Amino acid sequence: MVLSEPYWDHHIPLPKLGPLQSRLVTAFVALVCFINSYDGDFVFDDSEAIINNKVAGIVGRADLLCALFFQLSFLVYCKAFQGGDKKFSVLWIFGSILLCAVAMLCKEQGITVLGVNAAYDILMVCNLNIYELAHQLSGLLMRLALLFLGGSFLLYARWRIMGTGPPSFTEVDNPASFAENVILRIVNYNYYYSLNAWLLLCPWWLCFDWSMGCVPLIKSATDWRIVWPLLLWCCLMGLVYQALCSQDSNKRRTLTFGLVLLVIPFLPASNLFFRVGFVIAERVLYLSSAGYCLILAYAVGFCSCHWKKHKVSATLTLLCVNVARSAQRSQQWRSEQSLFASALSVCPLNAKVHYNVGKNLADRGNQSAAVKYYREAVRLHPKYVHAMNNLGNILKERNELKEAEVLLSAAVNIQPDFAAAWMNLGIVQNSLKKFDKAEQSYWNAIRFRKKYPDCYYNLGRLYADLNRSIDALNAWRNATMLKPDHSLAWNNMVILLDNTGNLAQAELIGKEALKILPKDHTIMFSLANVLGKQEKYKESEGFFLNALKINPNVASCHGNLAVLYHRWGKLDLAKRHYELSLRLDPSAPGTKENYNMLKRKLELRQRTVG
């Protein structure tokens, strides 16, 4: 028998609302229209799998939950002032802090609701502006102290639970943060802010991932893109001037609070306090969208005073455009293929986009097209080890072993702890008859991933090729200990013991395997062969028949059952299964010869009887 092939690797009453609060609630309602337009970023760096997303935006559920509890925390804080700013409920404030904690557990960005609550308290509850902050009331100070203490406790709890060190990121995740020149970092950070502002204003360029060269760095003052940060700051300064210096107090408070809602939730993603692991992440705009919607709602209301005839049509147009864009984007999220294809036009320089398009094509069997996208991913990012690994696997299957070896060797040189690439390199080297190097590659893979049953399985294949039977059995036994349902390893142990004449041990291993995998027809087949050789015909027949019940179209199973009946003397049954085997596979090795022998024997029996 032949060994198996290598394994490749909820209800809260609202307080009575004033004009500004009404606009704020309107903004949160408008946020629903925007929220489906944005993607939740997710990373597809694992070379062994791609996340399968069939529901639009499902990967952003953490951000959506954060947005929900963020808003609940704010509304509960509003509930604390039903009696006015001098009569407030500490219980409701603590409830707001508790909901903030829930929002933070969903996403760290949720803690920024405390800053929004503080701004709401100052601007609307106390009815203070920037010139009156020196005359704060004792009640305000107490509430701000509660918010500060609550925020400090939450940050400390997060620090203790998640670890004391900051997360580590690579240059491809956030290239601007790795720029040596401070001025370049500042310029590029501001360019990122302008791109985020544009996504709020016009959510048309949407992509599931913005890393790996999607946004090239601004490296000189002659780069025309430097205009966009300047334009952003001009617009912001204009809004700030109107928010601080307008004679209309209602306008001041509306614009100021809109800017607070716009800016404060975005601060954790701004690179100001710590390095973040992305260039642009559309999900971080969920909460900031509320501030944008508040400012936009005020702008529409202001314009409607001057263009009353077009008030309804302008509002409906704005709503319809965003709903249509949301529907279109949701359609793109219906399948991986459409999602990845939509990213190609937005980020053609993003190696990860090309990688995922290639991976999707390979999963659907179009390996020739996948090679093209994998090669482009490697060209755009020469150190993209996952693309090298997957491209090497395809080249190995196409028998282009030399190039596959070069690619996989480069991948492990770039990332020495890349266990999957080490294992795949070992498979290629084994195919090239470089057995010593293949063995070393397998052990390197196991060194970097201690529990790696597939690598133990492939190592056993190598030892079997070298006739090192004991080592092969030990490797396969390790594979089954790490992964008890590793069918290939169990089957190969039975086959190897059968081939080396250890039939009793092969029988024990086969029966042990079937206790774990009672419906595995390949193990039943191998065990039936072992029992047949021991002349345990009745038991062997049972396993053959059970295997055929599970998979009745296996020619070799019919053929070997025919051999069993042939030896057992049940010639009519043997003849029937020989014919079934030949019908399924006319070129089955040895079956024709055995069938001819049986026919001669039947003819001889007929003549003898006659």
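As named in an unreviewed UniProt entry, the protein is dolichyl-phosphate-mannose--protein mannosyltransferase, taken from Cyprinus carpio. Check the Pathway (unreviewed entry) section of the UniProt entry for the protein; it says "Protein modification; protein glycosylation." Comment text from UniProt for the protein, heading Sequence similarities (unreviewed entry), reads "Belongs to the TMTC family."

1. Examining the overall build of the protein
Each helix and strand counted, the protein has 26 helices and zero strands in total. Every one of the 610 residues in the protein was classed for burial, and the buried ones make up 49%. A total of about 30600 Å² of accessible surface is found on the protein, and carbon and sulfur atoms cover 62% of it.

2. Some points on a nonpolar patch on the surface
Residues Trp 198, Leu 201, Trp 204 and Trp 205 make up a contiguous nonpolar surface patch of about 490 Å² in total accessible area. The partly exposed category is assigned to Trp 198, whose relative accessible area is 35%.

3. Structural notes on the state of the cysteines
Applying the stated criterion across every chain, the model contains one disulfide. Left without a disulfide partner, Cys 66 is nearest to the cysteine sulfur of Cys 106, which lies 6.4 Å away. For Cys 66, a relative accessible area of 2% gives the class buried.

4. Comments concerning the UniProt feature "repeat: TPR" (unreviewed entry) in the protein
Here, UniProt's "repeat: TPR" (unreviewed entry) annotation points to residues 351–384, 385–418, 419–452, 453–486 and 555–588. The span residues 385–418 is 79% helical and 0% strand by assignment, and the distance between its end C-alpha atoms comes to 8 Å. Taken end to end, residues 419–452 is 79% helix and 0% strand, and its two terminal C-alpha atoms sit 9 Å from one another.

5. Some words on the UniProt feature "transmembrane region" (unreviewed entry) in the protein
Under the UniProt annotation, the feature "transmembrane region" (unreviewed entry) is placed at residues 58–77, 89–106, 137–157, 189–206, 226–244, 256–278 and 284–303. Split by type, residues 284–303 is 95% helix and 0% strand. Its first and last C-alpha atoms lie 29 Å apart.

6. Focus: the side chain of Asn 350
With respect to the element layout, Asn 350 can be found in the loop between α11 (336–346) and α12 (351–363). Engagement of the side chain of Asn 350 in a polar contact is seen with the backbone oxygen of Ser 211, the distance being 3.0 Å. Leave out the neighbours within four places in its chain, and Asn 350 touches Asp 209, Trp 210, Ser 211, Met 212, Cys 214 and Leu 380.

7. Focus: unusual backbone geometry
Non-glycine residue Lys 433 carries a positive phi angle of around 65°. For Lys 433, the position within the fold is in the loop between α16 (419–431) and α17 (435–448). Phi at Asn 467 takes a positive value of approximately 60°, unusual for a residue other than glycine. Note on Asn 467: relative accessible area 67%, which makes it exposed.

8. Looking at the packing of helix α22 (residues 521–533) against helix α24 (residues 555–568)
Two elements in contact, α22 and α24, have axes whose closest approach is 11 Å; the angle formed by their N-to-C orientations is 15°. Comparing the axis directions of α22 and α24 gives the class roughly parallel. Both α22 and α24 take part in a crossing whose hand is left-handed. Together, Phe 525, Asn 529, Gly 532 and Lys 533 of α22 and Ser 556, Cys 557, Asn 560, Leu 564 and Arg 567 of α24 make up the contact between the two elements. A class-by-class count of the residues in the contact of α22 with α24 yields three nonpolar, four polar and two charged.

9. Some details on the pattern of salt bridges
Scanning all chains against the criterion turns up 18 salt bridges. Across the salt bridge formed by Glu 439 and Arg 468, the nearest N and O atoms sit 3.6 Å from each other. Residue Glu 439 is found in helix α17, and its partner Arg 468 is found in the loop between α18 (453–465) and α19 (469–482); the two are separated by 29 residues along the sequence. A relative accessible area of 30% places Arg 468 in the partly exposed class. Glu 512 is the salt-bridge partner of Arg 477, the closest N and O atoms lying 3.2 Å from each other. Placement of Arg 477 in helix α19 and of Glu 512 in helix α21 (residues 503–516) is noted, with a sequence separation of 35 residues between them.

10. Brief notes about the nonpolar core
Membership of the largest hydrophobic core comes to 126 residues, with the highest contact counts inside it found for Trp 210, Val 215 and Trp 476. One finds Cys 66, Phe 70, Cys 78 and Leu 123 within the second-largest nonpolar core, a separate group that totals 35 residues.

11. Describing the packing of aromatic side chains
On inspection of all chains with the given rule, the structure shows 12 aromatic pairs. Summarising the aromatic geometry, the rings of Phe 208 and Phe 340 are spaced 5.1 Å apart at their centres and angled 55° between planes, so their arrangement reads as tilted. Of this pair, Phe 208 sits in the loop between α6 (182–201) and α7 (227–245) while Phe 340 sits in helix α11; the two residues are 132 residues apart in sequence, bridging distant segments of the chain. Owing to a relative accessible area of 1%, Phe 340 belongs among the buried residues under this scheme. Taken together, the ring pairs connect Phe 74, Tyr 120 and Phe 257 into an aromatic cluster. A cation sits over an aromatic face here: Arg 283 above Phe 278, 5.2 Å from the ring centre. In this arrangement the basic side chain of Arg 325 is found over the ring face of Trp 204, its NZ or CZ atom lying 4.7 Å from the centre.

12. Section: the side chain of Ser 288
Structurally, Ser 288 is set in helix α9 (residues 285–306). When its relative accessible area of 1% is taken as the criterion, Ser 288 is described as buried.

13. Some remarks on α11
Three or four residues apart is the spacing at which side chains of an α-helix point the same way, because the helix has 3.6 residues per turn. Listed as buried for α11 are Glu 336, Leu 339, Phe 340, Ser 342 and Ala 343. Projected down its long axis, α11 shows its buried positions confined to an angular sector of 155°, all on one face.

14. Re the packing of α6 against α7
Running from amino to carboxyl end, α6 crosses α7 at an angle of 65°, the nearest separation of the two axes being 8 Å. By the angle class used here, α6 and α7 are roughly perpendicular. Every pair of crossing elements has a handedness; the one defined by α6 and α7 is left-handed. When α6 is examined against α7, the residues Val 187, Asn 190, Tyr 191, Tyr 193, Ser 194 and Ala 197 are found in contact with a partner set consisting of Trp 228, Pro 229, Leu 232 and Trp 233. Looking at side-chain class alone, the contact of α6 with α7 contains eight nonpolar, two polar and no charged residues.

15. Looking at α17
In a regular helix each residue adds 1.5 Å, so 14 residues correspond to 20 Å; α17 covers 20 Å between its end C-alpha atoms and thus fits that length. Within α17 the residues assigned to the buried category are Ala 438, Glu 439, Ser 441, Tyr 442, Asn 444, Ala 445 and Ile 446. The inward-facing, buried residues of α17 contact α16 and α18.

16. A few points about the environment of Phe 435
Position of Phe 435 relative to the elements: it lies in helix α17. For Phe 435, a relative accessible area of 22% translates into the label partly exposed. Each C-alpha atom, one on Phe 435 and one on Leu 462, is 7.4 Å from the other, the two residues being 27 residues apart in sequence.

What counts, and where the lines are drawn
Residues numbered from 1 in each chain as written. Predicted model: local features only at pLDDT ≥ 70, side-chain atom pairs only at ≥ 80, totals over all residues. Heavy atoms only, no water. UniProt positions renumbered as here; feature names shortened; annotations may be inferred. Helix = DSSP H or I, 4+ residues; strand = E, 2+ residues; numbered from the N terminus. Buried < 20%, exposed > 50% of the residue type's maximum accessible area, 1.4 Å probe, protein only. Areas by Shrake-Rupley, 256 points an atom, 1.4 Å probe, with all protein chains shown as cover. Patch = residues over 30% accessible without salt bridge, like charges linked within 9 Å, V, L, I, M, F, W, Y side chains within 5 Å. Salt bridge = Lys/Arg side-chain N within 4 Å of Asp/Glu carboxyl O. Disulfide = S-S within 2.5 Å. Polar contact = N/O pair within 3.5 Å; in protein donor to acceptor, adjacent residues only side chain to side chain. Contact = heavy atoms within 4.5 Å. Axes fitted to C-alpha atoms, helices over the stretch in contact; angles between N-to-C directions. Parallel < 35°, antiparallel > 145°, perpendicular 65-115°, else oblique. Left-handed = near helix turned anticlockwise from the far one by under 90°. Nonpolar A, V, L, I, M, F, W, Y, C, P; charged D, E, K, R; others polar. Core = buried A, V, L, I, M, F, W, Y, C linked by side-chain atoms within 4.5 Å. Phe/Tyr/Trp six-rings, centres within 6.5 Å; stacked < 30°, edge-to-face > 60°. Lys NZ or Arg CZ within 6 Å of the ring centre and 35° of its normal. Arc of directions from axis to C-beta. Expected span 1.5 Å × (residues − 1).

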